[in-house]
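Residue strings, one per chain:
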Amino acid sequence: MPVFLKEEDISIVLCGEAGQGIQTVEVILAQAVKQTGYHIFSTKEYMSRVRGGENSTQIRISSDRVASYVDRIDILLALSYGAIDHLKDRISPNTVIIGDPEHIKSARESENISSGLNANFIEIPLMQTAEDIGGIIYANVIVAGALSCLLDIPKEIFDGLISDMFARKGPEILQNDLKAGEAGYTLGKGLMESEENQVRLSLEAHSTVRDELLLSGTDAAGMGCLAGGCRFMSSYPMTPSTPLQAFLAGNAHDFELVYEQAEDEIAAINMALGASYAGARSMVATSGSGFALMEEGVGLAGMTETPVVIYLGQRPGPAVGLPTRTSQEDLNLALYSGTGEFPRIIFAPGKLEDAFTLSQQAFNLADKYQIPVFILSDQYFADCYYNIPSLPLEEVGNEDYLIKTTPDYRRYLITHDGVTPRGIPGYGEGMVIVDSDEHDEEGHITENLEIRTHMVDKRLKKMDHIRKDALAPELVGSDDYANLVLGWGSTYWPIREALENINKKGLNPDSRKTSFLHLKQVYPLHSSVTDYLEKAEDVIILENNAQGQMANIIQLETGLEIQEKFLKYNGMPFSVEEVEKRLLQFMGIEDSGPDGHDKPSGEVL
Amino acid sequence: MKPRDFDLPDADVAWCPGCGNLSILRSLKATLAELEIQPENLVFVSGIGQAGKLPHYIKGNVFNGLHGRSLSPATAIKAANPDLIVIDVSGDGCMYGEGGNHFMHTIRRNPDITNLVHNNMVYGLTKGQASPTSQRDFNTPLQVDGVFLEPFNPLAVAIALDASFVARAFSGDRKQSIEIFKAAINHKGYALVDIFQPCVSFNKVNTRDWFREHTYYLEDDHDPQDRNLAFQRATETGEYPLGIFYQNPDKSTFEENLTVYRDEKTPLYQRKLDKDKLRALVESKR
Ligand SMILES: Cc1ncc(C[n+]2csc(CCOP(=O)(O)OP(=O)(O)O)c2C)c(N)n1
Ligand code: SF4
């Protein structure tokens, strides 16, 4: 067996059953890695069950910044019988598989995988060691310890994290977990010093990384919501929006907000609108099917001109789809939700900083224009973690758009820009009357068809200003491009890293020829999007859906048709490798890379 | 205050002449005047239906939302600003049909709001289909074989869920209705008043006279704190008791249980972002 050496960028995948504590390892390692000064990215994929199944977490550890999912597995830690089978498509001859002898034996014996699986197996007595400490539940911490040792993570850092995490479980459990960590370090040391199975990792640590933030997409969006002055959230649990609900509920005391778990999504959005009517900045968080139930409420927000922020964590549909997987399939649902015609804004963050800023701005813009504003997230984005230097806290500024009413206040006074100064009940002497039926300027129900026309015009007129306020897309690369790669939302980093790799490898002699345009406001589009597209000779769009929903919106908004689409909709995010491969084709460069264990998981249109 | 302080002179009342809703509107104005409630502090929340239009005919703030959904915004309005007096006005279809789930869970939350349900045992606005409270054998263009479902019993359900105030009124008796409305609004916690109300256009069975003949008031010595007795009285059919069936003064309200109001009563809209706390939260992730 050769000595296994790996430098600069290591992809470690832990795979086991639900209930084995893989997420605990993810949390401990992510922190330990960052505190040691390495860059970190982690993402998980999991099945919709509480016990059993096969779940995996990828942890990328790097000397440089990393923020995207890769297919590549350098080290696979197999914690269950099915782990190796589950990941066989991503295992290459360069993969080192470390696991308990039992688990490895079963994989070797499995007809399903033994043929053609050409990896390096290293056996460590994981289960026996765990049993000796107190039970197989300690296997996860042993694994964390072994990896920490291989990564040269100081033991004090590791022990500190273990103590933080398990202290509340009582002294006995904490002692056992510390012992398990110790045992893991011993196993790790064994591997480093082994003659035949030597594993050696070498990374460059940067002291600056230690002081950076380690956040998930959910954390960044949640902090943005708090920054935007969110005071009321009513929601109903649904993956992958539940973590955001938990984030805001968990911060409700400190930030003086009300979180209420509604009886269903219909109640949730109607509550949010009630609280907003009473002046509280309000939001809901949900996912596809839950959002489908909220649709009538979106129309109510449109008709009553009541601000509301809707966080929509996308996952594959139709209906319940793949509950724990990722997708970008609900753009149309967000865009067309609600009866009738009224303005809205849709944001789709692609990086943590954007998630923070866009969420904060969502509240401001919802209040400014008295409309629903969407934050389109997805499972991949919500659940991934990486380190960043800081969040743009200094830029946070919340405008106050509420006015004190006078006795003659009219909630729907027709103004030049369609925006009526917004009063709320109990603040001032006026009456604030809102109605889901068509209404006159006072807010009273009307069937006068002339008023109807004026009110539709009033509501839609806001669109002119909303368009002017639209956020510009981000161009990555030279603005002197011929090829343009388009993406939106969470595909930001995989596309960006793929392009950087192509340039780094020198595969693209004229790197200026291809640039990447990322849309973070997906509706309405910033006016520059048309210019960017018109300038390009060739355009390709990447989307986690089957119909190219963004491409269709672009065509609708700009009249420009995007011919090439790379669409993936099997529930997994784009990996850097597959994007790289597809972009090489797009750029007219043969794919000469050796890492071709790619399996097409979607359609290439 | 006078009932006319709640008049809206330009209101275009769209109800049929003789409709029970007109009496309820008059009783409600008289109630609010007697309680000296300022219209600026009053929020009417309603769903959709003939009953749901009531807020447009009375002075106050209004949130007229979706069919069946009025209790959700009503709860949240009170939670966002507990200084407001919130009265939810809906029909029987709106509240017990489309909104049945919210009815049940609002009772569990116990926000300090008053819920007036105009119960005409029929869908008025959509012209005469059965409602959850329609009596058996009621014939409509949709229930062509007559209603064969058991009527929904809102009072019994509310008492079973330990709603904090449960009463039934009859629109034709304004004097008694005002007394019941006053008690409901003064009650701390969720107060349900199911109001028998004739729909002169679409319910030719349960008419004003029918309600008069089939109702009577609970005895003066009825003890509204006796939940078992209240439940028993709520299940009476044939002759329907009116009055305050049940009252539980000991329940805490939804708003009282919210930690935001534990140390400070300020409505949510008056609270400003604490940037230092936000910075501390962000820093905690380093
Ligand atoms: C979601 C939805 N479904 C159906 C309707 C149509 N609709 C309007 S009012 C109504 C029934 C009203 O009956 P009820 O609540 O008893 O009130 P009433 O008119 O008798 O006062 C219906 C079905 C609607 N507006 N919204
Ligand atoms: S239809 Fe019935 S409920 Fe509606 S206004 Fe006429 S009488 Fe009243």
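Residues numbered from 1 in each chain as written. Chains lettered and ligands numbered in written order. Predicted model: local features only at pLDDT ≥ 70, side-chain atom pairs only at ≥ 80, totals over all residues. Heavy atoms only, no water.

(A) Up close: the overall build of chain B. Looking only at helices and strands, one finds ten helices and eight strands in chain B. Each principal axis of the C-alpha atoms in chain B carries an extent, and together these give about 70 × 45 × 40 Å. Considering chain B as a whole, with its 286 residues, one finds that 57% of them fall into the buried category. Here the analysis covers contacts within chain B between residues at least 6 apart in sequence; of these, 70% occur between residues at least 24 apart. (Helix = DSSP H or I, 4+ residues; strand = E, 2+ residues; numbered from the N terminus. Buried < 20%, exposed > 50% of the residue type's maximum accessible area, 1.4 Å probe, protein only. Contact = heavy atoms within 4.5 Å.)

(B) Main features of the overall build of chain A. Across its full length, chain A carries 21 helices and 24 strands. Expected size for 605 residues packed as a compact globule is a radius of gyration near 25 Å; at 26 Å, chain A falls within 12% of this value. With 605 residues in all, chain A has 63% of them scored as buried. For chain A, the share of sequence-separated contacts (at least 6 apart) that also reach a separation of at least 24 residues comes to 75%. Roughly 22100 Å² of accessible area belongs to chain A as shown, and the carbon and sulfur atoms make up 48% of that amount. (Rg over C-alpha atoms; globule rule 2.2 N^0.38 Å. Areas by Shrake-Rupley, 256 points an atom, 1.4 Å probe, with all protein chains shown as cover.)

(C) The arrangement of the site of ligand 2 in detail. Every residue near ligand 2 is listed here: B:Trp15, B:Cys16, B:Cys19, B:Gln50, B:Asn120, B:Gln197, B:Cys199, B:Val200, B:Ser201 and B:Phe202. In the shell around ligand 2, the residues fall into six nonpolar, four polar and no charged. (Near = heavy atom within 4 Å. Nonpolar A, V, L, I, M, F, W, Y, C, P; charged D, E, K, R; others polar.)

(D) Structural detail: the packing of aromatic side chains. Enumeration over the complete set of coordinates arrives at 19 aromatic pairs over all chains. Note on A:Tyr427 and B:Tyr269: the rings are 5.5 Å apart at their centroids and 45° apart in plane angle, and the pair reads as tilted. A residue pair is termed interchain when its members come from two chains, as with A:Tyr427 in the loop between strand E16 (385-388) and strand E17 (433-435) and B:Tyr269 in the loop between helix H9 (254-257) and helix H10 (275-283). Each residue in the set A:Phe41, A:Tyr380, A:Tyr386, A:Tyr492, A:Trp493 and A:Phe516 is aromatic and connected to the rest through ring pairs, giving one cluster. A cation sits over an aromatic face here: A:Lys155 above A:Tyr185, 5.5 Å from the ring centre. (Phe/Tyr/Trp six-rings, centres within 6.5 Å; stacked < 30°, edge-to-face > 60°. Lys NZ or Arg CZ within 6 Å of the ring centre and 35° of its normal.)

(E) Just the environment of B:Gln225, in detail. Residue and element names in this part refer to chain B. Tracing the backbone shows Gln225 in the loop between strand E7 (215-217) and helix H8 (227-234). Under the relative-accessibility criterion, Gln225 is labelled exposed at 52%. Along the backbone, Gln225 and Asn248 are 23 residues apart, and their C-alpha atoms lie at a distance of 6.2 Å.

(F) Local environment of the packing of helix H10 (residues 217-227) of chain A against helix H11 (residues 242-250) of chain A. All names here are of chain A. Between H10 and H11, the least distance of the axes is 9 Å, while the angle of their chain directions is 45°. Looking at the two axes, H10 sits oblique to H11. Between H10 and H11 lies a crossing of right-handed hand. Taken together, the residues of H11 that come into contact with H10 (itself represented by Thr218, Asp219, Ala221, Gly222, Met223, Cys225 and Leu226) are Pro243, Leu244, Phe247 and Leu248. Class assignment for the residues of the contact of H10 with H11 results in eight nonpolar, two polar and one charged. (Axes fitted to C-alpha atoms, helices over the stretch in contact; angles between N-to-C directions. Parallel < 35°, antiparallel > 145°, perpendicular 65-115°, else oblique. Left-handed = near helix turned anticlockwise from the far one by under 90°.)

(G) Seen up close, the sheet that holds strand E12 (residues 282-286) of chain A. Residues and elements named next belong to chain A. On the basis of which strands lie adjacent, the open sheet formed by seven strands has the order E11-E10-E12-E13-E15-E14-E21 and mixed pairing. Each edge of the open sheet carries a strand with a single partner, namely strand E11 (258-261) and strand E21 (521-523). Here the average twist between neighbouring strands, direction ignored, is 20°. (Pairing = 2+ DSSP bridges.)

(H) Spatial organisation of the pattern of salt bridges. Residue and element names in this part refer to chain A. What the rule picks out here adds up to 44 salt bridges over all chains. For Lys44, the salt bridge is made with Glu26, and the minimal N-O distance between the two is 3.8 Å. Here the residue Lys44 occupies a position in strand E3 (residues 39-45), and Glu26 occupies one in helix H1 (residues 22-36), the gap between them amounting to 18 residues. Exposure class is identical for Lys44 and Glu26. Each is buried. Note that Asp85 and Lys88 form a salt bridge whose closest N and O atoms lie 3.2 Å from each other. (Salt bridge = Lys/Arg side-chain N within 4 Å of Asp/Glu carboxyl O.)

(I) Local environment of the interface of chain B and chain A. On the side of chain A, 65 residues touch chain B, which itself brings 46 residues to the contact. Together chain B and chain A conceal approximately 4800 Å² of surface at their shared face, both sides included; 63% is due to carbon and sulfur atoms. On the chain B side of the interface with chain A, the three residues burying the most area are B:Tyr269, B:Lys285 and B:Arg286, jointly 15% of the side's total. At the surface where chain B touches chain A, the tally comes to six salt bridges. The closest approach of N and O atoms between A:Asp219 and B:Lys285, which form a salt bridge, is 4.0 Å. Across the chain B-chain A interface, the total number found is 23 residue pairs in polar contact (both at pLDDT 80 or more). Going through the elements one at a time, strand E2 (61-64), helix H2 (71-80), helix H4 (100-109) and H10 of chain B are the ones with two or more residues in the side of chain B that touches chain A. (Buried area = accessible area lost by both parts, 1.4 Å probe. Polar contact = N/O pair within 3.5 Å; in protein donor to acceptor, adjacent residues only side chain to side chain.)

(J) Inspection of the sheet that holds E17(A) at higher detail. The nine strands are arranged E17(A)-E2(B)-E1(B)-E3(B)-E4(B)-E6(B)-E5(B)-E8(B)-E7(B) in an open sheet whose pairing can be described as mixed. Of all the strands in the sheet, the pair left with one neighbour each is E17 of chain A together with E7 of chain B. Pairs of neighbouring strands in the sheet enclose a mean axial angle of 20°, with direction left out of account. By the bridge criterion, five bridges tie strand E3 (residues 85-91) of chain B to strand E4 (residues 114-119) of chain B in an arrangement that is parallel. Bridging across to E4(B), B:Val89 finds its partner in B:Leu116. Of the strands in this sheet, E3, E4, strand E5 (165-170), strand E6 (191-196), E7 and strand E8 (240-247) of chain B are in contact with helix H6 (residues 174-186) of chain B, which crosses E5(B) at around 160°.

(K) Geometry of the nonpolar core. Residue and element names in this part refer to chain A. With 165 residues, the main nonpolar core has Met283, Met550 and Leu583 as its most contacted residues. Of the residues forming this core, the biggest block, nine residues, is contributed by helix H15 (residues 352-369). Setting aside anything within four residues of it in sequence, one finds Met283 in contact with Cys225, Cys230, Phe232, Met233, Ser234, Leu244, Leu248, Ala272, Val308, Val309, Tyr311 and Phe363. Counting residues in hydrophobic clusters, the runner-up holds 52 residues, among them Ile10, Ile12, Leu29 and Leu161. (Core = buried A, V, L, I, M, F, W, Y, C linked by side-chain atoms within 4.5 Å.)

(L) Looking closely at the packing of H10(A) against H10(B). Taken N-terminus to C-terminus, the directions of H10(A) and H10(B) make an angle of 170°; their axes are 10 Å apart at the nearest point. Considered as vectors, H10(A) and H10(B) are oriented roughly antiparallel to each other. Judged by residue contacts, A:Met223, A:Leu226 and A:Ala227 of H10(A) engage B:Leu278, B:Leu281 and B:Val282 from H10(B). Taken together, the residues of the contact of H10(A) with H10(B) sort by class into six nonpolar, no polar and no charged.

(M) Structural detail: the state of the cysteines. Residue and element names in this part refer to chain A. Applying the stated criterion to the full structure yields zero disulfides over all chains. With no disulfide partner, Cys15 has as its closest neighbouring cysteine sulfur the one in Cys384, 19 Å distant. For Cys15, a relative accessible area of 0% corresponds to the buried category. (Disulfide = S-S within 2.5 Å.)

(N) Seen up close, helix H17 (residues 449-468) of chain A. Residue and element names in this part refer to chain A. Between its terminal C-alpha atoms H17 stretches 30 Å, which fits the 28 Å expected from 20 residues at 1.5 Å a residue. For H17, the elements touching its buried residues are helix H13 (288-304), strand E14 (345-347), H15 and E21. The N-terminus of H17 is capped by Asn448, whose side-chain oxygen sits 2.8 Å from the backbone nitrogen of Glu450. (Expected span 1.5 Å × (residues − 1).)

(O) Expanded view of H11(A). Along H11(A), the residues that are buried comprise A:Leu244, A:Gln245, A:Phe247 and A:Leu248. Along the long axis of H11(A), the arc covered by the buried residues comes to 160°, so they all point the same way. Buried residues along H11(A) sit against H10, strand E10 (232-235), E11, E12 and strand E13 (308-314) of chain A together with H10 of chain B. (Arc of directions from axis to C-beta.)

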